[in-house]
Every structure is written in structure tokens, then in C-alpha cells.
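Coordinate inspection notes
Chain residues, written in single-letter form:
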Amino acid sequence: MHAFDLTETFIAVIDCGSFVQAAKKMGVAPSVITRRINLLEQELKVQLLIRTTRRLSLTRAGESYYRDMQPLVEHWYAVCESVQD
């Protein structure tokens, strides 16, 4: 899977607040979200999220990655939309 797709999943998890809600938004099973986040963390060689049964929180690296990547993903969406008009 491409790193951009994994990043898009990560951003959806943060924006939705949970793996389950991100899965619903993206139309996939929660296990797919889990696998994608694990792949992204392996690729980056850093933990982005702290997961417990009741809570999801960002690590310092996760906060930085989200802050830097979220505007890029939004810009990518905007560019794709603009060329379709």
C-alpha cells in the first residue's frame, strides 16, 4: 500500500476519533484500519498512536506527523477536485 493511502487513513482516524468511526467513513472494516496504521508506523519506524480499549491518543511523533501531513492531504483533495471541474 502506498504511504499516501496509509497517511490518509491515519488522518481519518484522528479526525473521526476512533478506528471504528474511521472505518465507517472509509467504508472498510476496522481491522483494515488497524493494519494500515500498523503499516504506516512500521514504514516510519515510529509509534504514532497510543491505543487502549477505551482511548486513542497521539504520541509526540503522531502529533507532529498529523500537523504536517493534514494540510498536504487537504491540498491534494483540493487539487484533485479542481482538475475535475
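Now for a quick tour of the structure. (Residues numbered from 1 in each chain as written. Predicted model: local features only at pLDDT ≥ 70, side-chain atom pairs only at ≥ 80, totals over all residues. Heavy atoms only, no water.)

**Here we look at the nonpolar core**
- Judged by nonpolar contacts, the single largest core of 16 residues is most densely connected at Phe10, Val13, Ile37 and Leu49.
- For this core, the secondary-structure elements that each account for two or more residues are helix H1 (3-16), helix H2 (19-26), helix H3 (30-44) and helix H4 (60-84).
- The biggest single contributor to this core is H1, with six residues. (Core = buried A, V, L, I, M, F, W, Y, C linked by side-chain atoms within 4.5 Å. Buried < 20%, exposed > 50% of the residue type's maximum accessible area, 1.4 Å probe, protein only. Helix = DSSP H or I, 4+ residues; strand = E, 2+ residues; numbered from the N terminus.)

**Re the packing of H1 against H3**
- Orientation of H1 relative to H3, taken along the N-to-C sense of each, is 120°, at an axis distance of 9 Å. One finds that H1 runs oblique with respect to H3. By crossing handedness, the relation of H1 to H3 is classed as left-handed. Across the interface between the two elements, Ala3, Leu6, Thr7, Thr9, Phe10 and Val13 of H1 pack against Ile33, Arg36, Ile37, Leu39, Leu40 and Glu43 of H3. (Axes fitted to C-alpha atoms, helices over the stretch in contact; angles between N-to-C directions. Parallel < 35°, antiparallel > 145°, perpendicular 65-115°, else oblique. Left-handed = near helix turned anticlockwise from the far one by under 90°. Contact = heavy atoms within 4.5 Å.)

**Quick look at the packing of aromatic side chains**
- This model, assessed by the stated rule, comprises three aromatic pairs.
- When the ring of Phe4 is compared with that of Trp76, the centres are 4.6 Å apart and the planes differ by 55°; the resulting orientation is tilted. You can see Phe4 sitting in helix H1 and its partner Trp76 sitting in helix H4, a full 72 residues away along the chain.
- One aromatic cluster in this structure is built from Phe4, Trp76 and Tyr77. (Phe/Tyr/Trp six-rings, centres within 6.5 Å; stacked < 30°, edge-to-face > 60°.)

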